[in-house]
Amino acid sequence: TLLVWYLLFWCQVVNPLFLPSPHTVFQELSRLLFTGMVWADIGSTFLRTVVGFLVAAIVGIPIGLFMGHYKKIYSAFELMVDFFRSLPALAIFPLLMFFFGIGDAAKIATTVFSCSLVVIVNSIYGVTNSKKTRQVVAFLMEATPREIFWKVILMDALPQVFIGLRTSLSLALVVVVVTEMFIGTSSGIGHRLTEAQLTYRVPEMYSSLIIAGLLGYGLNKGFIALEKRIIHWTGK
């Protein structure tokens, strides 16, 4: 990718104003990082992402588990989940701004709305795909329904639940960065990206994109390490 970037710059396939050299971009990236200019924005984006993700997990996992385990609950809420899952999260952001204002609350609420649905659906799949043989064996060993749920069904469902959590964590960062590009934001990677684009600070714009990618990579690697510690029996 870096080689292609250099070739495009040297051949001037794209106007250098819109595609500066990688050297220029990395110089700007170093300046932003080492002067501390961008750390407040990284912190704001990180905090919004983590808060939105955690709330989505706290809300989504119990709903998904119970919807997957109890058919009546699933039937009652299936239409609602499918309906809201079909709505683009960013399309509902202007509506949430009416209720929560233009501050962090609306951005976090949009993140929760988007990510909780991913967690719910994957939690449902995790429960429904639980092996019936293990449940029968536990029943024959006189385990109570509660014990079967917590010690068999939940353990079977956890790998799929964590797939949903990992997906929602990446989605949370995307939603947060995009909502930061809307009016009313004074900090965040998305805000810096928009400001750089409007004022033609193109190297800074590319640097902001790289920072967003690195933040997403770091969050994903950290979550994978946590996942391996919690569901170590999968052999990952």
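The structure presented is a predicted model; accordingly, all values stated were derived computationally and were not measured.

Trainee: Can you break down the side chain of Ser 187 residue by residue, with the values?
Mentor: Secondary-structure assignment places Ser 187 in the loop between helix 8 (145–179) and helix 9 (189–198). Here the side chain of Ser 187 touches Ser 44 through a polar contact of 3.1 Å, side chain to side chain. Look past the residues within four positions of Ser 187 in its chain and what remains in contact with it is Asp 41, Ser 44, Arg 48 and Glu 180.

Trainee: I'd like a rundown of the pattern of salt bridges, residues and numbers included.
Mentor: Tallied over the entire structure, the rule returns 8 salt bridges. Salt-bridge contacts for Arg 31 lead to Glu 28; the nearest nitrogen and oxygen are separated by 2.5 Å. Of this pair, Arg 31 and Glu 28 both sit in helix 2 (residues 22–34), 3 residues apart, which is roughly one turn of the helix. With a shortest N-O distance of 2.8 Å, Glu 204 and Arg 192 are connected by a salt bridge.

Trainee: Let's hear about the nonpolar core: which residues, and what values?
Mentor: Ranked by internal contacts, the top residues of the largest apolar core, which has 33 residues, are Phe 53, Leu 65, Phe 162, Leu 165, Ile 189, Ile 211 and Phe 223. Going through the elements one at a time, helix 2, helix 3 (39–69), helix 6 (104–128), helix 8 and helix 10 (202–230) are the ones with two or more residues in this core. With 14 residues, the single largest contributor to this core is helix 8. Ignoring any residue separated from it by four or fewer positions in sequence, one finds Ile 189 in contact with Asp 41, Ile 42, Thr 45, Glu 180, Ser 208, Ile 211, Ala 212 and Leu 215. Of all hydrophobic cores here, the second largest spans 11 residues; its members include Met 67, Ala 89, Ile 120 and Ile 124.

Trainee: Summarise helix 3; cite the residues concerned and give the values.
Mentor: In this model helix 3 runs 44 Å from its N-terminal to its C-terminal C-alpha over 31 residues, within 8% of the 45 Å that 1.5 Å per residue would give. Along helix 3, the largest kink reaches about 25° and is centred on Gly 60; proline Pro 62 follows within four residues of it.

Trainee: Describe the packing of aromatic side chains, with residues and values.
Mentor: Under the counting rule described, the total for this entry stands at 8 aromatic pairs. Relative to Phe 223, the ring of Phe 53 lies with its centre 6.1 Å away and its plane at 90°, an arrangement referred to as edge-to-face. Residue Phe 53 is found in helix 3, and its partner Phe 223 is found in helix 10; the two are separated by 170 residues along the sequence. Plain terms: the ring middles of Phe 162 and Phe 223 are 5.7 Å apart, the flat faces sit at 35° to each other, and that makes the pair tilted. Pair noted here: Phe 162 is in helix 8 and Phe 223 is in helix 10, with a separation of 61 residues, a long-range link.

Trainee: Residues and numbers for the environment of Leu 54, please.
Mentor: Looking at the element boundaries, Leu 54 is found in helix 3. As a C-alpha pair, Leu 54 and Ser 168 span 114 residues in sequence and 10.0 Å in three-dimensional space.

Trainee: Describe in detail the packing of helix 6 against helix 8, supporting the description with residues and values.
Mentor: The geometry of helix 6 relative to helix 8 is characterised by a closest axis approach of 8 Å and an angle of 160° between their N-to-C directions. Relative to helix 8, the element helix 6 lies roughly antiparallel. Every pair of crossing elements has a handedness; the one defined by helix 6 and helix 8 is right-handed.

Trainee: Would you mind going over the packing of helix 3 against helix 8 in detail, with residue names and values included?
Mentor: Packing of helix 3 against helix 8 leaves a shortest axis separation of 9 Å and a crossing angle of 145°. You can see that helix 3 and helix 8 cross each other, and the crossing is right-handed. Facing Thr 45, Arg 48, Thr 49, Phe 53, Ala 57, Ile 61, Leu 65 and His 69 of helix 3, the residues of helix 8 in contact are Phe 149, Ile 153, Leu 154, Ala 157, Val 161, Leu 165, Ser 168, Leu 169, Ala 172, Leu 173, Val 176 and Val 177. Split into classes, the residues belonging to the contact of helix 3 with helix 8 amount to 15 nonpolar, 4 polar and 1 charged.

Trainee: Tell me about the environment of Gln 160, and please be specific about residues and values.
Mentor: Within the secondary structure, Gln 160 sits in helix 8. As a C-alpha pair, Gln 160 and Cys 115 span 45 residues in sequence and 15 Å in three-dimensional space.

Trainee: Can you lay out helix 5 (residues 89–100) for me, pointing to particular residues and giving the numbers?
Mentor: Relative to the 16 Å expected for 12 residues at 1.5 Å per residue, helix 5 spans 15 Å between its end C-alpha atoms, a close match to the ideal helical length. Every buried residue of helix 5 is listed here: Ala 89, Ile 92, Phe 93, Leu 96 and Met 97. Seen end-on, helix 5 carries its buried residues on one side only, within an arc spanning 165°. In helix 5, the exposed residues that point more than 90 degrees away from the buried face are Ala 91 and Phe 98.

Cut-off values and rules
- Residues numbered from 1 in each chain as written.
- Predicted model: local features only at pLDDT ≥ 70, side-chain atom pairs only at ≥ 80, totals over all residues.
- Heavy atoms only, no water.
- Helix = DSSP H or I, 4+ residues; strand = E, 2+ residues; numbered from the N terminus.
- Polar contact = N/O pair within 3.5 Å; in protein donor to acceptor, adjacent residues only side chain to side chain.
- Contact = heavy atoms within 4.5 Å.
- Salt bridge = Lys/Arg side-chain N within 4 Å of Asp/Glu carboxyl O.
- Core = buried A, V, L, I, M, F, W, Y, C linked by side-chain atoms within 4.5 Å.
- Buried < 20%, exposed > 50% of the residue type's maximum accessible area, 1.4 Å probe, protein only.
- Expected span 1.5 Å × (residues − 1).
- Bend = angle between axes of the 7 residues up to and from the residue.
- Phe/Tyr/Trp six-rings, centres within 6.5 Å; stacked < 30°, edge-to-face > 60°.
- Axes fitted to C-alpha atoms, helices over the stretch in contact; angles between N-to-C directions.
- Parallel < 35°, antiparallel > 145°, perpendicular 65-115°, else oblique.
- Left-handed = near helix turned anticlockwise from the far one by under 90°.
- Nonpolar A, V, L, I, M, F, W, Y, C, P; charged D, E, K, R; others polar.
- Arc of directions from axis to C-beta.

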